[in-house]
There are 4 protein chains.
Amino acid sequence: MNQKNPKTIHGIIPPMLTPLLSDWTLDHEGTRRLVDHMIDGGVHGIFILGTTGESTSLSYQTRRELIEETTSHVNGRVPILVGITDTSIEESLNLVSLAHDFGADAVVAAPPFYFQLGQEELYEFYWDLADRSKLPIFLYNMPSMTKISMSIDTAERLSKHQNIIGLKDSSANTVYFQKLRYTIKKDDFALFVGPEEIMAETVLMGGNGGVNGGANLFPKLYVRMYEAALAHDFDTIKVLQRQILEISSLLYTVGRFDSSYLKGLKGAASLLGICGNYLAPPLKPFLEKEMEQIKNNLELINKKLNKILS
Amino acid sequence: MNQKNPKTIHGIIPPMLTPLLSDWTLDHEGTRRLVDHMIDGGVHGIFILGTTGESTSLSYQTRRELIEETTSHVNGRVPILVGITDTSIEESLNLVSLAHDFGADAVVAAPPFYFQLGQEELYEFYWDLADRSKLPIFLYNMPSMTKISMSIDTAERLSKHQNIIGLKDSSANTVYFQKLRYTIKKDDFALFVGPEEIMAETVLMGGNGGVNGGANLFPKLYVRMYEAALAHDFDTIKVLQRQILEISSLLYTVGRFDSSYLKGLKGAASLLGICGNYLAPPLKPFLEKEMEQIKNNLELINKKLNKILS
Amino acid sequence: MNQKNPKTIHGIIPPMLTPLLSDWTLDHEGTRRLVDHMIDGGVHGIFILGTTGESTSLSYQTRRELIEETTSHVNGRVPILVGITDTSIEESLNLVSLAHDFGADAVVAAPPFYFQLGQEELYEFYWDLADRSKLPIFLYNMPSMTKISMSIDTAERLSKHQNIIGLKDSSANTVYFQKLRYTIKKDDFALFVGPEEIMAETVLMGGNGGVNGGANLFPKLYVRMYEAALAHDFDTIKVLQRQILEISSLLYTVGRFDSSYLKGLKGAASLLGICGNYLAPPLKPFLEKEMEQIKNNLELINKKLNKILS
Amino acid sequence: MNQKNPKTIHGIIPPMLTPLLSDWTLDHEGTRRLVDHMIDGGVHGIFILGTTGESTSLSYQTRRELIEETTSHVNGRVPILVGITDTSIEESLNLVSLAHDFGADAVVAAPPFYFQLGQEELYEFYWDLADRSKLPIFLYNMPSMTKISMSIDTAERLSKHQNIIGLKDSSANTVYFQKLRYTIKKDDFALFVGPEEIMAETVLMGGNGGVNGGANLFPKLYVRMYEAALAHDFDTIKVLQRQILEISSLLYTVGRFDSSYLKGLKGAASLLGICGNYLAPPLKPFLEKEMEQIKNNLELINKKLNKILS
């Protein structure tokens, strides 16, 4: 892949966890370890400062350090996408500048998420942002967090801006995804799906890849699934889909939290020796009881994965 | 298909529109015409008194007549599923009795939809209903109307009742659908998807068919797509998916109504000469201006369909 | 009050619990006991078949019996309002006919609650209903159950129909209530509030009374509060408000159910010897553990009430 | 009022609009003009960087300048509250430090608003924030923006922290407000209401004042209403309430925007010569057509106000 042409970005782009120390400052060493773990697993790019990266919980200082550390350590091995989601367009543009200056390839922006917006306001916000951004932009539909779902019509109109090159959809609504695929006429507009449980089917139906949290832990699994979907290899899809759903079931639904996914992901990353089990406020990491469960489940998963991926 | 074994129900089961006269009583002739149109198109079953059938808007007298007319006219050619969704379990059971006595094959029940329920209450409601029902039951997840999404856990627990044989999901959330497929261990538990825009992908990933509104109008298209998905015939899937999305775009999103889908469907059915353009209150049919649009769009669609399906 | 002029309805109109037997048929004796209990307590009217009356959970046969029993036993002592909320306008009108023929004074209709409606559809539905109703109608805003909040504009337009004489608001949003009071110009249009916790303040600010569930149990308390609010007697308001909030806290929030209010209310009614502790499906009555709590709390309340109301 | 004791804060505390220049930097002169306008009108305090102040849309640089300008220009004439709502606790604490160093009296924090939180997470977030804050804190319940409503129980538990001194509720749900008043036992815990349409009734029922946007424009009106409510002067309340609702109707509901309130408020402020008609992205100011309406409506209001307040 040519890093200089972000329009060719495709495949598995993990939304990177942000390794933190106990005081919620950046764990530089953990960050480098996680980057290498994912690139060794074959991922096609890395997306930092997304929802999984707890972007909005981090201080701007920490966000800056993460951009610097990641771009420096990746060093051109894969494209880097940087989340710039913010409620203030000025702060979003500050993040674009940092991403640009440190050599990232593109940025990703969910809608500003405090005020309740209409579609026209959303459209104008993004168009203005795209006009002023030094890097190409991926739209990011994330209604459960932002309270607004970008309409098909809004996305289609925004796709006409030369600086808007794709969309990541985390709505889990594949009617929406299919309508995007059908409606947006721009040839190289990239559509990524968030939830890994439906990555295979969206790729089968014309999606360009997955921004899948589980690829922080098991990058090879999701890369293999992406390739199987591209190849219409249903024997492999069937086996891997079972595994992906088992991960979802065993790691992302422990306890009764809206953020069980993130707690489970970071807890598992800590058990894999990648980084510490720290989540920035307002989220809290799992405590001992849930971690015991995560540990047992992780062992189960690893056994099966060793067979499947060997 | 053996009508006597509802556990083998699969494929395209259109949620039948209810043909009405101008006073919202049943259009018996239109009903027979619609039934024949769909069976001629190869559908694998018929589902009456669902959301698309405006069940909740109809008087009980009309519901009774519809069950009678449909079962009588279908006369065993395909299985018949009858919607019994109601807020009162007694009225639901009255509908089960009618369905049973007129010879329908199974019933379909969305959650009672007035009170806000918890999952435990939902579970107990369905278990009790299944105990008392003379016909096998399909669960029906329809959160946009009923305010509650049946949890994966609740569905899994209910699947253990011998009288609960499948689930229709109209949430459009395929993460949910994939989790159901993975979690429910009962071998012959049938999973159907509502929205036709994602029928192909759910069948590719292990779903058992579609309860797709568009099959009222173009039954062959959806039957063909179902077969293509079963056969992993991606050349056909690609062509038909484009067509299915065009129907969705041209017929279901005219005007700015939450019920544009239903207005468009019935308007198109009237233009095809199947039944009159009447919707029971509180919904209203499209007026002249929107119908003009529907008419033009329908012509476009028919031209393309003639090529594709010939 | 002149029963023959429903436009003068005001004050405390309890939304009557429906006394049921263990098979969810009507408890006629309990119904008569409850009616007498409330009238003895001074209530200004009775509203049957509302949310608190579990209307939508009851069979039509039971609804019919309840209308007959209540009208017959009340026998003109106070005005009777009958809930006709349904998803089918025909069934609503059937209930109007029954209410009319048995001599009720007015009917109450929440929006049809299955389909997602727009304001224009809502407006047309009610206007048509009002045209065809033999009894005057109260609108009923209940967005938590019906998924739609009647807009100020819709309510104002509907208030112009001569057969629409008031509105009961259960949204708990008093900005909405104040805007209704300001916007609707019809002189004798009656505005009632559902939640008893805010009955005093709405009456202070121009409301016409409360449809308060607690008045099933303690009718005198709410009647006294209504009178104190009318009289701007803040010493009394302060004491009674404390008591009303204590009832809300001790009886309506036991357990973690969306329907704790209704479970608590019926549980307490059974402890007071008014009727059995039966709720129709899909709701379930409190079990022993919660009933123990209700019992203890009820004793506390009764002690205080004896002092306050003596 | 003694600025040194923020626990005595009460009355009308306008959520100050942020006067902006056309490039969305701070309009220092407009800020001073607005401050003087409100203090001349008798307000009991000023709340900057709230929702009405577009806090989340402003760069941190602009927020800093606003804190500095306001504290400097107010110069102890009334207490100043500073909004510190953020998704990152570090950034919230940075704002606390600025507020403290420039001499503000207290801070106001809505829940972090990106992730979906549980009540326990919310509780721990606030408790931690309160431990680390150099200024006393007002809780801020704003569910329409933050996606979470602080439960009565959470608020009650937080009220026990000595650094948490009050709560501003913008839910418009006065059942919630009454339950807070009843449940929180801390004597001097201050309860403020956001929507001006219900300020009178909450004060009548024991509230401590209003954080009312309209007081940016007409401070005397809201101060007078607050005093009338304290004095139980219903003749005055009736007249002023009509006026307050007319302002709400004529200025806050022009157009069909979720943010019509804010657009109308800033448009009217610009017509009164207080500041320019600039809203920071993602919001947009009213255009000519709507401003024409605002202008006409403002004239109507001013005529009536001149009579009422003279």
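Because the structure is predicted, anything quoted here is derived from the model rather than measured.

1. Some details on the overall build of chain A
Step number 1: Within chain A, the regular secondary structure consists of 12 helices and 8 strands.
Step number 2: The C-alpha atoms of chain A give 18 Å as radius of gyration, which agrees with the globular expectation for 310 residues (19 Å, within 12%).
Step number 3: For chain A, the spread of C-alpha atoms along the principal axes amounts to about 50 × 45 × 35 Å.
Step number 4: Within chain A, contacts between residues at least 6 apart in sequence are counted, and of these 73% link residues at least 24 apart.
Step number 5: Total accessible area on chain A is roughly 10600 Å²; 48% of this is exposed by carbon and sulfur atoms.
Step number 6: Averaging the locations of the 30 positively and 36 negatively charged side chains of chain A gives two centres separated by 4 Å.

2. Some points on the relation of the copies chain B and chain A
The relation between the two chain copies is a rotation about an axis coupled with a shift along that axis.
Step number 1: With an RMSD of 0.0 Å, chain B superimposes on chain A once it is rotated by 180° and translated 0.0 Å along the axis. The transformation relating the two chain copies, once decomposed into turn and shift, fits a two-fold axis. Minimal C-alpha separation from the rotation axis in chain B is found for asparagine 173 of chain B, amounting to 2.2 Å.
Step number 2: In this assembly, 100% of the residues forming the interface of chain B have copies in chain A that are likewise at the interface, indicating an isologous arrangement.

3. Topic: the packing of aromatic side chains
How two aromatic rings sit relative to each other is set out by the distance from centre to centre and by the angle between their planes.
Step number 1: Under the definition given, this model contains 34 aromatic pairs over all chains.
Step number 2: On the numbers, 5.0 Å between centres and 75° between planes, the contact of tyrosine 114 of chain B with phenylalanine 113 of chain C is edge-to-face. Of the two residues, tyrosine 114 of chain B is situated in the loop between β4 (106–109) and α4 (119–132) and phenylalanine 113 of chain C in the loop between β4 (106–109) and α4 (119–132); the pairing between them involves two chains. This pair shows no difference in class: tyrosine 114 of chain B is buried, exactly as phenylalanine 113 of chain C is.
Step number 3: Residues tyrosine 252 of chain B and tyrosine 261 of chain B carry aromatic rings whose centres are separated by 5.1 Å and whose planes lie at 85° to one another, so their mutual orientation is edge-to-face.
Step number 4: Judged by relative accessible area, tyrosine 261 of chain B falls into the partly exposed class, the value being 29%.
Step number 5: Through a chain of ring-to-ring contacts, three or more aromatic side chains come together here, namely Phe113, Tyr114 and Phe115 of chain A together with Phe113, Tyr114 and Phe115 of chain D.
Step number 6: Against the face of tyrosine 123 of chain A rests arginine 157 of chain A, its NZ or CZ located 3.7 Å from the ring centre.
Step number 7: Sitting over the face of the ring of tyrosine 182 of chain D, lysine 185 of chain D holds its NZ or CZ atom 4.8 Å from the ring centroid.

4. Examining the pattern of salt bridges
Pairing is possible between side chains that carry opposite charge, provided their charged atoms lie close to one another.
Residue and element names in this part refer to chain B.
Step number 1: Following the criterion strictly, the structure yields 48 salt bridges over all chains and no others.
Step number 2: Among the ionic pairs, arginine 77 bridges to aspartate 36, the shortest N-O distance being 2.9 Å. In this pair, arginine 77 is assigned in the loop between α2 (60–74) and β3 (80–83) and aspartate 36 in helix α1 (residues 28–40), connecting sequence segments 41 residues apart.
Step number 3: Taking relative accessible area as the criterion, arginine 77 reaches 41% and is therefore assigned partly exposed.
Step number 4: By relative accessible area, aspartate 36 is classed as partly exposed at 24%.

5. Regarding the UniProt feature "binding site: pyruvate" (unreviewed entry) in chain A
Residues and elements named next belong to chain A.
Step number 1: When the UniProt feature table is mapped onto this chain, "binding site: pyruvate" (unreviewed entry) is found at Thr52 and Val211. Spanning 160 residues, the named residues form one tight spatial group whose C-alpha atoms are at most 10.0 Å apart.
Step number 2: By secondary structure assignment, the location of threonine 52 is in the loop between β2 (46–48) and α2 (60–74).
Step number 3: On the basis of relative accessibility, which here comes to 5%, the residue threonine 52 falls in the buried class.
Step number 4: Excluding residues within four positions of it along the chain, threonine 52 makes contact with Pro15, Met16, Leu17, Thr18, Asn216, Tyr261, Leu262 and Leu265.
Step number 5: When you line up the elements, valine 211 lands in the loop between β8 (209–210) and α9 (219–230).
Step number 6: Given the relative accessible area of 8%, valine 211 is considered buried.
Step number 7: With residues near it in sequence (within four places) discarded, valine 211 still touches Ile13, Pro15, Phe47, Lys168, Phe192, Val193 and Gly194.

6. Observations concerning unusual backbone geometry
Step number 1: Proline 281 of chain A connects to proline 282 of chain A through a cis peptide bond whose omega is 10°.
Step number 2: Note on placement: proline 282 of chain A falls in the loop between α11 (260–271) and α12 (288–309).
Step number 3: The phi dihedral of lysine 147 of chain B is positive, around 75°, even though this residue is not glycine.
Step number 4: Relative to the elements of secondary structure, lysine 147 of chain B occurs in the loop between α5 (143–146) and α6 (152–158).

7. With respect to helix α4 (residues 119–132) of chain D
In an α-helix there are 3.6 residues to a turn, and that puts residues three or four apart on one side.
Step number 1: Taking 1.5 Å as the rise per residue, α4 of chain D with 14 residues should run 20 Å; its terminal C-alpha atoms sit 20 Å apart, in good agreement.
Step number 2: Turning to α4 of chain D, the residues buried within the fold contact α11 of chain A together with α3 (89–101), β4 (106–109), β5 (137–141), α6 (152–158) and β6 (164–169) of chain D.

8. Some thoughts on α11 of chain A
Step number 1: With 12 residues, α11 of chain A should reach 16 Å at 1.5 Å per residue; the first-to-last C-alpha distance of 16 Å fits that figure.
Step number 2: Counting buried residues in α11 of chain A gives 9 out of 12 residues, a clear majority hidden from the surface.
Step number 3: For α11 of chain A, every residue scored as buried is listed here: Ser260, Leu262, Lys263, Gly264, Leu265, Lys266, Gly267, Ala268 and Ala269 of chain A.
Step number 4: For α11 of chain A, the elements touching its buried residues are α10 (234–251) and α12 of chain A together with α4 of chain D.
Step number 5: Directly after α11 of chain A, the chain includes glycine 273 of chain A, whose backbone phi takes a positive value near 80°.

9. What to know about the arrangement of the chains
Step number 1: Left apart from each other, chain A and chain C have a closest C-alpha approach of 15 Å.
Step number 2: Spatially, chain B is disjoint from chain D: no contact exists, and the shortest C-alpha separation is 15 Å.

10. Description of the interface of chain B and chain A
Step number 1: With 25 residues of chain B at the contact, the number on the chain A side is 25 residues.
Step number 2: Taken together, both faces of the contact between chain B and chain A bury some 2300 Å²; the carbon and sulfur share is 66%.
Step number 3: Area buried by chain B at its contact with chain A is led by Tyr182, Met205 and Phe234 of chain B, which between them contribute 29% of it.
Step number 4: Applying the counting criterion to the chain B and chain A interface returns 0 salt bridges.
Step number 5: At the junction of chain B and chain A, the tally comes to 9 residue pairs in polar contact (both at pLDDT 80 or more).
Step number 6: The dominant element in the side of chain B that touches chain A, judged by the number of residues it contributes, is helix α10 (residues 234–251) of chain B, at 8 residues.
Step number 7: The residue makeup of the side of chain B that touches chain A, split by class, is 11 nonpolar, 8 polar and 6 charged.

11. A look at the relation of the copies chain B and chain C
Step number 1: For the pair chain B and chain C, the relating rotation is 180°, the translation along its axis is 0.0 Å, and the fit reaches an RMSD of 0.0 Å.
Step number 2: In this assembly the copies share their binding face: 100% of the residues contributing to the interface of chain B also contribute to that of chain C.

12. Overview of the interface of chain B and chain C
Step number 1: Listed as interface residues are 39 residues of chain B and, on the opposing side, 39 residues of chain C.
Step number 2: Summed over both sides, the interface between chain B and chain C buries roughly 3600 Å², with carbon and sulfur atoms accounting for 61% of that surface.
Step number 3: Broken down residue by residue, the surface that chain B buries against chain C is led by Tyr114, Phe115 and Pro282 of chain B, which jointly contribute 22%.
Step number 4: Between glutamate 124 of chain C and lysine 284 of chain B there is a salt bridge, with the nearest N and O atoms lying 3.2 Å from each other.
Step number 5: Breaking the side of chain B that touches chain C down by element, the ones donating at least two residues are α3 (89–101), α4, α5 and α11 (260–271) of chain B.
Step number 6: Element by element, the count of residues in the side of chain B that touches chain C is highest for α4 of chain B, at 5 residues.
Step number 7: Of the residues contributing to the side of chain B that touches chain C, the split by class is 18 nonpolar, 10 polar and 11 charged.

13. Observations regarding the side chain of asparagine 277 of chain D
Residue and element names in this part refer to chain D.
Step number 1: Structurally, asparagine 277 is set in the loop between α11 (260–271) and α12 (288–309).
Step number 2: Residue classification places asparagine 277 among the buried residues on the basis of a relative accessible area of 17%.
Step number 3: Setting aside anything within four residues of it in sequence, one finds asparagine 277 in contact with Lys266, Gly267, Ser270, Pro285, Phe286 and Met291.

Basis of the calculations
Residues numbered from 1 in each chain as written. Chains lettered and ligands numbered in written order. Predicted model: local features only at pLDDT ≥ 70, side-chain atom pairs only at ≥ 80, totals over all residues. Heavy atoms only, no water. Helix = DSSP H or I, 4+ residues; strand = E, 2+ residues; numbered from the N terminus. Rg over C-alpha atoms; globule rule 2.2 N^0.38 Å. Contact = heavy atoms within 4.5 Å. Areas by Shrake-Rupley, 256 points an atom, 1.4 Å probe, with all protein chains shown as cover. Lys, Arg positive; Asp, Glu negative; His and termini not counted. Charge placed at Lys NZ, Arg CZ, Asp CG, Glu CD. Least-squares fit on C-alpha atoms with pLDDT ≥ 70 in both. Phe/Tyr/Trp six-rings, centres within 6.5 Å; stacked < 30°, edge-to-face > 60°. Buried < 20%, exposed > 50% of the residue type's maximum accessible area, 1.4 Å probe, protein only. Lys NZ or Arg CZ within 6 Å of the ring centre and 35° of its normal. Salt bridge = Lys/Arg side-chain N within 4 Å of Asp/Glu carboxyl O. UniProt positions renumbered as here; feature names shortened; annotations may be inferred. Expected span 1.5 Å × (residues − 1). Buried area = accessible area lost by both parts, 1.4 Å probe. Polar contact = N/O pair within 3.5 Å; in protein donor to acceptor, adjacent residues only side chain to side chain. Nonpolar A, V, L, I, M, F, W, Y, C, P; charged D, E, K, R; others polar.

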